[in-house]
Amino acid sequence: MQNILEQLEARRDSARLGGGQRRIDVQHSKGKLTARERIEVLLDEGSFEEFDMFVAHRCVDFGMEKQKYPGDGVVTGWGTINGRMVYVYSQDFTVLGGSLSETHAAKICKIMDMAIRNGAPVIGINDSGGARIQEGVAALGGYADVFQKNIMASGVVPQISLIMGPCAGGAVYSPAMTDFIFMVKDSSYMFVTGPDVVKTVTNEIVTAEELGGARTHTSKSSVADGAYENDMEALFEVRRLVDMLPLNNREKPPVRPYFDSHSRVESSLDTLIPDNTNAPYDMHELVRKLADEGDFFEIQKDFAKNILTGFIRLEGSTVGVVANQPMVLAGCLDIDASRKAARFVRFCDAFEIPILTLVDVPGFLPGTTQEYGGVIKHGAKLLFAYGEATVPKVTVITRKAYGGAYDVMASKHLRGDFNYAWPTAEIAVMGAKGATEIIHRSDLGDADKIAAHTKDYEDRFANPFVAAERGFIDEVIMPRNTRVRVARAFASLRNKQLTNPWKKHDNIPL
C-alpha cells in the first residue's frame, strides 16, 4: 500500500512540474507566473480542487507519442474567491507551448459543463500557442467544442478571460465570447493573424504588440476590458471583479458589509456643475461620491472615454453604472460609446445587476465619419439594450439631455423606474442657440432679437421642470442628496418584477 501511495505522489509531482523546471525558469524569466501559480494567486488559499491531472493526449503522428505530459497543457478545476465557488482553467505554456489538443479542449469543456450545471462563474487563463498542429482537424474540432460551451454559458454564468501570453488564430474567439477580457501589458497579445502573415498578405510591417497588444485592444479595438502591469495585478483585479458579480443568472449579486453612511450628504456636489453650461467637469467625481467608500471598478476605461461604465456598491449591493463624460467630446454619444455602453447594459440585465445612469449628453456626435460608420444602427444598440432591460433602472440627469440622446439614456419612456434630475438639468430637443436659429430664422440678421429669443428659450426649456410637469422626471433633487435618493430608490426596487413578451430571442441591431 505504501508503495502505491508513493507512486501516486510521484505522479502528482511530475504533473505539477508541467513541461519541466527548465521551461518554468524560462516562464519566470519573462516576468510570467506558471499556470499553477496563477491559480494559487487567483483563488483562496488551499481551495483549489483539480480535475484531470493525469489526462494525456492520444496523438501518435510526428513523434508525438514520445512527448506526453500529464495534464496535457492545461490545469482545470474549481475553488473559491472570498468563499464563493468559481471554475477555472489555466493553460500551461511550459507544455508544448500551451497548445490546444483534443484532450486539452475536452478538459476545458468538462469544467464549463460543470459550471453551467452548478451555477458558478468560469475564469479562463489563456497562455497558448494555438491549435496543436500535429493533431490537425482534431485540434480545430476541440476549439469549436469550447466555442459552443461559451455560447451555452453566455448569460447563464459570468465568463471572464485573462490573456496572459499569446492568444492567436482560432484561440481568440473563445475569449471574445466571454463577458470580460483582461490582458497583461507587454506580455500578452491577441490577433487572428500574426505580424508575419499580415506582412505577406498586405505588406504591412507591424509588431505583435502594435497588432494585438494590451494597449491596442483596450484603447482602439475595445476587444479587452482592462490591461494591467503584471500577472499579479491582473489576478487580484479579477478577484475584485468576481466579488461584485452574482454566481449565475438566478442569483442576486453578493451584499457586502459597508462602512459608508447610507445617509451621507455630499455638499460638494452642489457646485459640481460649472456656471458656464459649456464647461466640462469630471463625471468620475460624481460616480465616486455616490459609491460606498468611493470604490469604482471601471470597465473599458481606455476606450470611448466619452462614456463611463463599471460597477460600484450602494449600501453593500452591486450596481452597474453608465455615465456620460463631459470631459471627452462634451459627453456626446458616438459609435464607440454606444457599443461600449450597450454591451455593458446587456451584461447587467442578464445577471440581474441594477443599472444607474448618469446623464449629461448634448446629443449624438455629428459628422460623415459617424454617419458612414453606421451611428444610427450603433446608437440603436444602446437604445435597444436599455429598452429590453428588466432590472431596476435609476437615472439622474445632471445637466444636458438633448434630442434623441435624452431618450436613449434610460429615459422614463424606456421603462426607467426612477428618473431624477438636478436643478441644473436642461431637457430639450436641442441647445437654445440652435433651437432659436431654427424657430426664428427670419430674425437671424438681428443679433439683439436672436439674443432675446435665445434667452426666452433658455428660460422656458433650459430646466428640468417642463419634463417634470409631464411626469417624465419623477423628482427634481438636490445634488448633495443624490446618494441618499438613489440608494433609497434601488432599495425600493429590490422585489421588482417585470418580464418581456415571450420570444425565442430578440434581434438587436448588430
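Above this note sits the structure.
Attention in this report is confined to the structure presented alongside it. On a predicted model such as this, the values are computed, not experimentally measured, just so you know.

1. Observations regarding the packing of aromatic side chains
Here's step 1: Using the criterion set out here, one finds 11 aromatic pairs in the structure.
Here's step 2: An angle of 15 degrees between the planes, with centres 5.0 Å apart, marks the rings of Y189 and F191 as stacked.
Here's step 3: Clustering of aromatic rings is evident, with ring pairs tying together F180, F182, Y228, F297, F311, F344, F347 and F351.
Here's step 4: Against the face of F93 rests K32, its NZ or CZ located 5.0 Å from the ring centre.

2. Let's talk about the nonpolar core
Here's step 1: Of all hydrophobic cores here, the largest spans 64 residues; its most connected members are I123 and F311.
Here's step 2: With seven residues, helix α12 (residues 335-350) is the single largest residue contributor to this core.
Here's step 3: Listed in part, the 28 residues of the second largest apolar core include L100, V146, C167 and A171.

3. Some details on the pattern of salt bridges
Here's step 1: Summed over all chains, the structure comprises 27 salt bridges.
Here's step 2: Two residues, K149 and D113, come together in a salt bridge whose shortest N-O distance is 2.9 Å. Of this pair, K149 sits in helix α5 (residues 137-153) while D113 is found in helix α4 (residues 102-118), placing the two residues 36 residues apart along the sequence.
Here's step 3: The partner of E388 in a salt bridge is R346, with the nearest N and O atoms 2.3 Å apart. Of this pair, E388 sits in helix α14 (residues 375-388) while R346 sits in helix α12, and the two are 42 residues apart along the sequence.
Here's step 4: By relative accessible area, E388 is classed as buried at 16%.
Here's step 5: On the basis of relative accessible area, R346 is assigned to the partly exposed category, the value being 31%.
Here's step 6: It is possible to trace a salt-bridge network through shared partners that takes in K32, R38, D127 and D231.

4. Overview of the environment of V172
Here's step 1: For V172, the position within the fold is in the loop between β6 (166-168) and α6 (173-176).
Here's step 2: Since its relative accessible area comes to 8%, V172 is described here as buried.
Here's step 3: Between the C-alpha atom of V172 and that of L383, which follows or precedes it by 211 residues, the distance is 29 Å.
Here's step 4: Setting aside anything within four residues of it in sequence, one finds V172 in contact with C167, M190, F191 and V192.

5. Digging into the side chain of E266
Here's step 1: Position of E266 among the secondary structure elements: in the loop between α10 (231-242) and α11 (283-290).
Here's step 2: Here E266 falls in the buried class, since its relative accessible area comes to 18%.
Here's step 3: Among residues more than four places away in sequence, those in contact with E266 are K289 and R480.

6. Observations regarding the pairing of strand β4 (residues 122-126)
Here's step 1: With five of its five residues buried, β4 lies for the most part within the structure.
Here's step 2: The two faces of β4 match: V122, G124 and N126 on one face and I123 and I125 on the other face are all buried.
Here's step 3: As judged from the four bridges shared by strand β3 (residues 84-91) and β4, these two strands associate in the parallel manner. Paired with V88 across the bridge in β4 is I123.

7. Re the side chain of S188
Here's step 1: Tracing the chain through its elements places S188 in the loop between β7 (180-184) and β8 (189-191).
Here's step 2: At 3.3 Å, the side chain of S188 and the backbone oxygen of I163 are in polar contact.
Here's step 3: At 2.7 Å, the side chain of S188 forms a polar contact with the backbone oxygen of V184.
Here's step 4: Non-local contacts of S188, meaning those with residues more than four positions away in its chain, are made with I163, M164, G165, M183, E209, G212, G213 and A214.

8. Details of the sheet that holds strand β9 (residues 226-228)
The strands that make up a sheet pair up through hydrogen bonds in the backbone, lying either parallel or antiparallel.
Here's step 1: Strand order in the open sheet formed by seven strands is β1-β2-β3-β4-β5-β7-β9, with mixed pairing between adjacent strands. The two strands at the open ends of the sheet, each matched to only one other strand, are β1 (49-51) and β9. Adjacent strand axes in the sheet meet at a mean angle of 20 degrees when their direction is disregarded.

9. Points about α11
Here's step 1: Three or more residues of α11 are buried, namely M283, L286, V287 and L290. Relative to the axis of α11, the buried residues are bounded by an arc of 100 degrees and lie together on one face.
Here's step 2: Each element contacted by the buried residues of α11 is listed here: β11 (307-314), β12 (317-324), β13 (355-361), β14 (393-402) and α19 (482-492).
Here's step 3: N-cap assignment for α11: the residue whose side-chain oxygen lies 3.0 Å from the backbone N of H284 is D282.

The rules behind each value
- Residues numbered from 1 in each chain as written.
- Predicted model: local features only at pLDDT ≥ 70, side-chain atom pairs only at ≥ 80, totals over all residues.
- Heavy atoms only, no water.
- Phe/Tyr/Trp six-rings, centres within 6.5 Å; stacked < 30°, edge-to-face > 60°.
- Lys NZ or Arg CZ within 6 Å of the ring centre and 35° of its normal.
- Core = buried A, V, L, I, M, F, W, Y, C linked by side-chain atoms within 4.5 Å.
- Buried < 20%, exposed > 50% of the residue type's maximum accessible area, 1.4 Å probe, protein only.
- Helix = DSSP H or I, 4+ residues; strand = E, 2+ residues; numbered from the N terminus.
- Salt bridge = Lys/Arg side-chain N within 4 Å of Asp/Glu carboxyl O.
- Contact = heavy atoms within 4.5 Å.
- Pairing = 2+ DSSP bridges.
- Polar contact = N/O pair within 3.5 Å; in protein donor to acceptor, adjacent residues only side chain to side chain.
- Axes fitted to C-alpha atoms, helices over the stretch in contact; angles between N-to-C directions.
- Arc of directions from axis to C-beta.

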